Amino acid sequence: MIRPATLTLQPPLPLVAENNRLKIFSGSANVALAQEVARYLGVDLGPMVRKRFADGELYVQIQESIRGCDVYLIQPTCHPVNDNLMELLIIIDACRRASARQITAVLPYYGYARADRKTAGRESITAKLVANLITQAGASRILAMDLHSAQIQGYFDIPVDHVYGSPVLLDYLARKELPDLVVVSPDVGGVARARAFAKKLDDAPLAIIDKRRQAHNVAEVMNVVGDVKGKTAVLVDDMIDTAGTISAAARLLREEGARQVYACATHAIFSPPAVERLSATGLFEEVLVTNTTPIPPERHFPQLRVLSVASLLGETIWRVHEDSSVSSMFR
């Protein structure tokens, strides 16, 4: 029996309406999510002018006074990654020069996170580089969701609030009341994430996919460690990019006798050919993702279910603004 998630989010509408020092702004990467967050908090998105010069340079101007205000800037650094990252830096700089009291960069998805250490000579650690860029631009604080690796929090020299999309996914699975669950990590690196997920599913058993990666975005799945025969397998990962890893894992689980296979991930990157792989007949019952990054209509498919993290982010923003506990949301 799955324990339903205990997190209950109630919009603090009257409180926010009386507090004009809380300002929510959005970059262009995921305006729909930012609008949902603003609705949860009972405020309007701050007005901003964004335009490009003929050579592609970006121009930003904040259209209201934010002097002495706490600004929360929502901008995932998803595709196009470089454009969205540069826009984030420019908006932070504009807010800093407009004398905002505190600037919190709300990063539902943190790009460039996969290069978080050197695995070969003469490599860049881009996760640290981007952290430096955001800090130097003028951010006072970071609010990030499901970082690719937990140590990225330490790459910042400013406070970081790290939240998780798992309560949204867990609530959906709890309502479905799936029988004989086994949580599966698609690789060894995701075991801690899968174990935490399994614990919330009434201590469901855990299985691990043993794989060997030959190159970036190319994975060779070898075998399953754990019993999945006749069970409902739930594959858990932080992101789905080309879907090579998770689709190969699903095929192996089917071969090992799994009765049903679900995929759960916070970030739906869906680089080609992800949609073709995930929508293959008989592979997944459902692919559960959140709206941390926008998913264009052409990348939707029948098995896809997109769940909103707006209430989760809105509640976190409110708690940060009120100096209350964030970690208590996930206990």
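All values reported here derive from a predicted model rather than from experimental measurement. (Residues numbered from 1 in each chain as written. Predicted model: local features only at pLDDT ≥ 70, side-chain atom pairs only at ≥ 80, totals over all residues. Heavy atoms only, no water.)

## Comments concerning the overall build of the chain
Argument step 1. Scanning the chain from terminus to terminus reveals 9 helices and 14 strands.
Argument step 2. Here the chain holds 331 residues, and 52% of them are scored as buried.
Argument step 3. Accessible surface for the chain amounts to roughly 15,300 Å². Of this, 49% is attributable to carbon and sulfur atoms.
Argument step 4. The average position of the 36 basic charges and that of the 36 acidic charges among the side chains of the chain differ by 2 Å. (Helix = DSSP H or I, 4+ residues; strand = E, 2+ residues; numbered from the N terminus. Buried < 20%, exposed > 50% of the residue type's maximum accessible area, 1.4 Å probe, protein only. Areas by Shrake-Rupley, 256 points an atom, 1.4 Å probe, with all protein chains shown as cover. Lys, Arg positive; Asp, Glu negative; His and termini not counted. Charge placed at Lys NZ, Arg CZ, Asp CG, Glu CD.)

## Topic: the sheet that holds strand β7 (residues 160–163)
Argument step 1. Reading across the sheet, the 5 strands line up as β1-β4-β5-β6-β7 and stay open at both edges, with parallel pairing between neighbours. If you trace the sheet from one side to the other, it starts and ends with β1 (22–26) and β7, each paired once. Sheet twist, expressed as the mean angle between neighbouring strand axes with direction ignored, is 20°.
Argument step 2. Pairing between strand β6 (residues 141–145) and β7: 4 bridges, direction parallel. In the strand pairing of β7, methionine 145 is matched with valine 163. (Pairing = 2+ DSSP bridges. Axes fitted to C-alpha atoms, helices over the stretch in contact; angles between N-to-C directions.)

## A word on helix α6 (residues 191–200)
Argument step 1. Along α6, the positions that sit buried rather than exposed are Val191, Ala194, Phe197 and Ala198. Down the axis of α6, the sector holding all buried residues measures 125°, keeping them to one side. Facing away from the buried side of α6, by more than 90 degrees, are the exposed residues Ala192 and Lys199.
Argument step 2. Positioned one or two residues after α6, aspartate 202 has a phi angle of 55°, which is positive. (Arc of directions from axis to C-beta.)

## Observations regarding the confidence of the model for the chain
Argument step 1. Taken over all residues, the pLDDT of the chain has a mean of 92, while the share at 70 or more is 91%.
Argument step 2. For the stretch residues 1–6, pLDDT sits under 50, and the model shows 14 contacts to residues farther than four places along the chain or on other chains. (pLDDT = per-residue confidence, 0-100. Contact = heavy atoms within 4.5 Å.)

## Some thoughts on the pairing of strand β12 (residues 260–268)
Argument step 1. Of all the 9 residues making up β12, 8 are buried; the element is thus mostly covered by neighbouring parts of the structure.
Argument step 2. In the sheet, strand β11 (residues 232–240) pairs with β12 via 8 bridges, with the strands oriented parallel. When the sheet's bridge partners are listed, isoleucine 240 is paired in β12 with alanine 268.
Argument step 3. Where β12 and strand β13 (residues 286–290) come together, 3 bridges link them in parallel fashion. Residue tyrosine 262 lies in a different strand from β13, and its bridge partner there is glutamate 286.

## Quick notes on the pattern of salt bridges
Argument step 1. This structure, assessed with the given rule, holds 15 salt bridges.
Argument step 2. Linking glutamate 64 and lysine 23 is a salt bridge whose minimum nitrogen-to-oxygen distance equals 3.9 Å. With a gap of 41 residues between them, glutamate 64 in the loop between β3 (58–62) and β4 (70–74) and lysine 23 in strand β1 connect regions that are remote in the sequence.
Argument step 3. The partner of glutamate 315 in a salt bridge is arginine 319, and the shortest N-O contact between them spans 2.9 Å. One end of the pair is glutamate 315 and the other is arginine 319, both in helix α9 (residues 310–321) and 4 residues apart, which spans about a single turn.
Argument step 4. Take glutamate 315: its relative accessible area is 9%, and that puts it in the buried class. (Salt bridge = Lys/Arg side-chain N within 4 Å of Asp/Glu carboxyl O.)

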